[in-house]
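Coordinate analysis (summary)
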Amino acid sequence: MDIRHLKIGETIRFEELEAVLDALRYQKKNLVELPGEYSIRGGTVDIYPVTYRMPVRLDFRGDTLSLIRDFSPAEGRSFTSFEEIFLIPLAGQFKKKIRRLEERFGTFEPVEGAGDLKRGDFVVHFHYGIGRFLGTKQIRLEGKKERCYAIEYANSEILYLSLKEPVERYIGGSAREPKLTKLNTREWERIKQRTRTALHKVAGELLEIQARRRVQQGFAFPEDHDWQKKFEAEFPFRETRGQKRAIEEVKGDMETSKPMDRLLCGDVGYGKTEVAMRAAFKAVTGGKQVAFLVPTTILAEQHYILLKDRVKTFPLTVGLLSRFQTAAAQKAVVSSVKTGATDIVIGTHRLLSRDVEFKELGLVIIDEEQRFGVRHKEALKKMRSQVDVLTLTATPIPRTLHMALLGVRDMSVIDTPPRHRMPVRTFVMEYHENIVKQAIEREVERRGQVYFVHNRVENIEKIHEKLRNLMPGVRFGVAHGQMPVEALEKVMMSFMKGAVDCLISTNIIESGIDIPNANTLIVNRADCFGLADLYQLRGRVGRFKEARQAYAYFLTPKNWVMTLDAEKRLAAIGRFVELGSGFKIAMQDLEIRGAGNLLGHEQSGFIHAVGFDLYCKMLKRAVEEQKNRLRTEDSDKP
């Protein structure tokens, strides 16, 4: 029998390891669940040896095998470390073991061609409710053999449904498992009716807001000025298809007399800022002022530098209002905004203070509105009724929700990546000084820069000292929100200008920071971050103006037993590495964290009751029914 050993310290390239596993007849999967399966994610390889009670995880430093440990797929916990493992071919006697593990699925076969659906997943059907997917089975229907879904409902009842039936994976927005529906009862209809009633209220509110906006008179901006073409021609990149579409939609809104309230969604690094800058330029050439509102002082500073550079050949004035400035500087900006001397002002929530008055405000651009507090959102609501508003978000809107909201919310989606953009090579592994040293030095050698994210202010200086001693030839800088304003501004400007090789910071760099030369990211204690935060952080790298491979290292403490949710988050960030993964990340985050942030906490219970996809379809139907009711009421009026 051909037995393969893998030992700690052994050097083997991933291509060689994959060839070995294929020769042993192991199957490559996204996640391992059964003996004889393996998966490769970044610098981690999971293998389920046929003679082991649990799968094992192999961690690599480069091509060197550094750690072997087993883990529970259900709990994400590690129990035992190994010096070496033995891999035996997937022969006949071991297939019996696999069959025993599959017994709980009976004689059902794995599904093919049903997207992400896996055996054991919860699924939802509009007419029958929530069940557990067992696989597929050939059964005889009306004298003909047909392959059907096998779905288990309450009381172990199994329902066979044609593959043409609309069965979807259940996403409930809650960590708790859903209750299986009882067949042949009114239970599922009652749940749907309660949800339908709640959705009609939501749809009514959405349509009421839209109706109010329609009757309000805003400012109709003129068609593009000659300067607009010149300004847009100076964009150093070629616009993507998604950017062009979004630009046209925004300009179309601005040229009507109805106040614009458009949401611009786009994955991290997909060029939302350029769309916003073109809208701002159009507003100024149309005789109005622009307020560009961002969640952090660092992002305000960067947008300010970028926009000042873009308009330097035009007679436009750009101001900055944030805590980076002295009281005197803030007073001067507030005064120039009031007199109309400043055309575009970029700032944090400081822009919403009572002393800030505009002479002729025409456009408000809001970057990541969900990061502002309740009081600030109330101020933004008032603005919406008076001026054009463009909101940018990197939190992707799942397609089903987008379709549900069409007609009640103006929405643009940038879904095409910039040219030369490459997926960020992602590693999820345990912390080791050599990994950090190699990653930083490799980036610096190619004249690039590094983000090292450590989200604890109390010991960030210790990390700085440790890394400086480890790599005395590397120029380090430290940035966090509790630093004096002048010191924070100084280090950020040094990093932007390339005078700092590696920026050690908290997650203040998470939102919108765009430094194309920074192409390696290291996140310490990655298990402490939310999935959306990890994805946003990874979006800070991979923005180089030419094709250049970027790297992201998500590190956890050595021999650390993580929570199940942390394990899921890190598995997801390691799995979803292709461009445009934000939509998959959003759905995965919805499963792990809940749906409150996306749709409001009061709707979470209804989403859990029927599943996210069905909720969105019911919302779409409720919107259409409310529209029809309003049309009927209008036609009945004398």
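An account of the accompanying structure is given in this report. (Residues numbered from 1 in each chain as written. Predicted model: local features only at pLDDT ≥ 70, side-chain atom pairs only at ≥ 80, totals over all residues. Heavy atoms only, no water.)

As a further point, take the overall build of the protein. Across its full length, the protein carries 19 helices and 26 strands. The burial tally for the protein puts 53% of its 638 residues in the buried class. For the protein, the proportion of contacts with a sequence separation of at least 24, taken over those separated by at least 6, is 71%. (Helix = DSSP H or I, 4+ residues; strand = E, 2+ residues; numbered from the N terminus. Buried < 20%, exposed > 50% of the residue type's maximum accessible area, 1.4 Å probe, protein only. Contact = heavy atoms within 4.5 Å.)

This part is about the packing of aromatic side chains. Under the criterion given, the structure shown has eleven aromatic pairs. For the ring pair Phe133 and Tyr149, a centre distance of 5.8 Å and an interplane angle of 75° mean the geometry is edge-to-face. Remark: Tyr149 occurs in strand 11 (residues 144-152) and Phe133 occurs in strand 10 (residues 129-141); sequence separation between them is 16 residues. Members of the aromatic cluster, joined through ring pairs, are Trp227, Phe231, Phe281 and Phe314. Positioned above the aromatic ring of Phe231, the side-chain terminus of Arg310 is 4.3 Å from the ring centre. Sitting over the ring of Phe544, Arg548 keeps its end group 4.0 Å from the ring centre. (Phe/Tyr/Trp six-rings, centres within 6.5 Å; stacked < 30°, edge-to-face > 60°. Lys NZ or Arg CZ within 6 Å of the ring centre and 35° of its normal.)

Both faces of strand 9 (residues 122-125) are covered, namely the face carrying Phe122 and Val124 and the face carrying Val123 and His125. As consecutive antiparallel partners, strand 9 and strand 10 are separated by three residues. Relative to strand 13 (residues 168-169), strand 9 is paired through two bridges, and the arrangement is antiparallel. When the bridges of strand 13 are listed, Val123 appears paired with Arg169. (Pairing = 2+ DSSP bridges.)

The next point concerns the sheet that holds strand 26 (residues 551-556). Ordered by their spatial adjacency, six strands build an open sheet running 21-26-25-22-24-23, and the pairing between neighbours is parallel. Every interior strand has two partners, whereas the edge strands, strand 21 (425-430) and strand 23 (476-479), have only one. Ignoring strand direction, the axes of neighbouring strands in this sheet form an average angle of 20°. Here strand 21 runs beside strand 26; their pairing, made up of six bridges, is parallel. Within the sheet, the bridge partner assigned to Thr426 lies in strand 26 and is Ala552. (Axes fitted to C-alpha atoms, helices over the stretch in contact; angles between N-to-C directions.)

For the rest of this paragraph, the subject is the side chain of Asn524. Looking at the element boundaries, Asn524 is found in the loop between strand 25 (518-523) and helix 14 (531-538). With a relative accessible area of 10%, Asn524 lands in the buried category. If we ignore the near neighbours within four places in the chain, the residues touching Asn524 are Tyr431, Phe452, Val453, His454, Ile463, Phe529 and Leu555.

The next subject is the sheet that holds strand 17 (residues 344-347). Read from one edge of the open sheet, seven strands run 16-17-15-18-19-14-20, paired in parallel fashion. Two strands in the sheet have a free side with no partner beyond their single neighbour: strand 16 (318-321) and strand 20 (410-414). Across the sheet, the mean angle from the axis of one strand to that of its neighbour is 20°, orientation sign disregarded. Note: strand 15 (residues 289-293) against strand 18 (residues 361-367), five bridges, orientation parallel. Paired with Gln289 across the two strands is Leu361, which belongs to strand 18. Contacts from helix 8 (residues 327-339) reach strand 15, strand 16 and strand 17, with the element oriented near 135° to strand 16.

With that settled, consider the packing of helix 6 (residues 272-285) against helix 7 (residues 297-310). The relative placement of two packed helices is expressed as an angle between their axes plus a distance between the axes. Two numbers describe how helix 6 lies on helix 7: the axes approach to 12 Å, and their chain directions differ by 55°. Comparing their axes, helix 7 and helix 6 come out oblique. Note that helix 6 runs across helix 7; the crossing there is right-handed. Contacts between helix 6 and helix 7 pair Thr273, Glu274 and Met277 from the former with His303, Leu306, Leu307 and Arg310 from the latter. (Parallel < 35°, antiparallel > 145°, perpendicular 65-115°, else oblique. Left-handed = near helix turned anticlockwise from the far one by under 90°.)

Let us look at helix 6. One full turn of an α-helix is made of 3.6 residues, so residues set three or four places apart face in the same direction. With 14 residues, helix 6 extends 20 Å between its outermost C-alpha atoms, agreeing within 8% with the 20 Å of an ideal straight helix rising 1.5 Å per residue. The buried fraction of helix 6 amounts to twelve of the 14 residues, a majority that puts the element mostly inside the structure. Taken together, the buried positions of helix 6 are occupied by Lys272, Glu274, Val275, Ala276, Met277, Arg278, Ala279, Ala280, Phe281, Lys282, Ala283 and Val284. A positive backbone phi angle near 95° is found at Gly287, which sits one or two residues after helix 6. (Expected span 1.5 Å × (residues − 1).)

With 14 residues, helix 7 extends 20 Å between its outermost C-alpha atoms, agreeing within 8% with the 20 Å of an ideal straight helix rising 1.5 Å per residue. Taken together, the buried positions of helix 7 are occupied by Thr297, Ile298, Leu299, Ala300, Glu301, Gln302, His303, Leu307 and Arg310.

Bringing the nonpolar core into the picture now. Within the largest apolar cluster, 72 residues are counted, with the highest numbers of intra-cluster contacts made by Ile365, Leu390, Tyr451, Leu488, Leu521, Val523 and Phe554. Among the elements that take part in this core, helix 6 stands out by supplying eight residues, more than any other. For Leu390, the residues in contact, after removing those within four places along its chain, are Val250, Met260, Arg262, Leu264, Ala276, Ala279, Leu363, Val364, Ile365 and Ile366. (Core = buried A, V, L, I, M, F, W, Y, C linked by side-chain atoms within 4.5 Å.)

Our focus in this paragraph is the packing of helix 5 (residues 241-254) against helix 6. For the pair helix 5 and helix 6, the least separation of the axes is 10 Å and the interaxial angle reads 30°. Considered as vectors, helix 5 and helix 6 are oriented roughly parallel to each other. The hand of the helix 5/helix 6 crossing is right-handed. On helix 6, the residues that touch Gln243, Ala246, Ile247, Val250, Lys251 and Met254 of helix 5 are Glu274, Val275, Arg278, Ala279, Lys282 and Ala283. For the contact of helix 5 with helix 6, the class distribution of residues is seven nonpolar, one polar and four charged. (Nonpolar A, V, L, I, M, F, W, Y, C, P; charged D, E, K, R; others polar.)

A few words now on unusual backbone geometry. Negative phi values dominate among residues other than glycine, just as trans dominates among peptide bonds. One non-glycine residue with positive phi stands out, namely Ser156, at about 60°. Residue position: Ser156 is located in the loop between strand 11 and strand 12 (158-162). When its relative accessible area of 55% is taken as the criterion, Ser156 is described as exposed. With phi around 55°, Arg525 is a residue other than glycine that occupies positive phi space.

For the rest of this paragraph, the subject is the environment of Gly252. On the secondary structure map, Gly252 appears in helix 5. Sequence separation of Gly252 and Ala220 is 32 residues, and the distance between their C-alpha atoms is 9.8 Å.

Per the stated rule, a full pass over the model turns up 30 salt bridges. Among the salt bridges present, the one from Arg475 reaches Asp501, with a minimum N-O distance of 2.8 Å. Residue Arg475 is found in the loop between helix 12 (460-470) and strand 23, and its partner Asp501 is found in the loop between helix 13 (485-496) and strand 24 (502-505); the two are separated by 26 residues along the sequence. Here the salt bridges do not stand alone but share partners, grouping Asp224, Glu232, Glu239, Lys251, Glu255, Glu274, Arg278, Lys282 and Arg310 into one network. (Salt bridge = Lys/Arg side-chain N within 4 Å of Asp/Glu carboxyl O.)

Let's shift gears to the side chain of Glu430. Mapped onto the fold, Glu430 is located in strand 21. Residue Glu430 is classed as buried on the basis of its relative accessible area of 7%. A polar contact is formed between the side chain of Glu430 and the side chain of Arg69, at a distance of 3.1 Å. (Polar contact = N/O pair within 3.5 Å; in protein donor to acceptor, adjacent residues only side chain to side chain.)

Residue position: Ile85 is located in strand 8 (residues 84-87). Here Ile85 is in contact with Arg4, His5, Leu6, Tyr52, Val56, Leu58 and Ile68, once residues within four sequence places are set aside.

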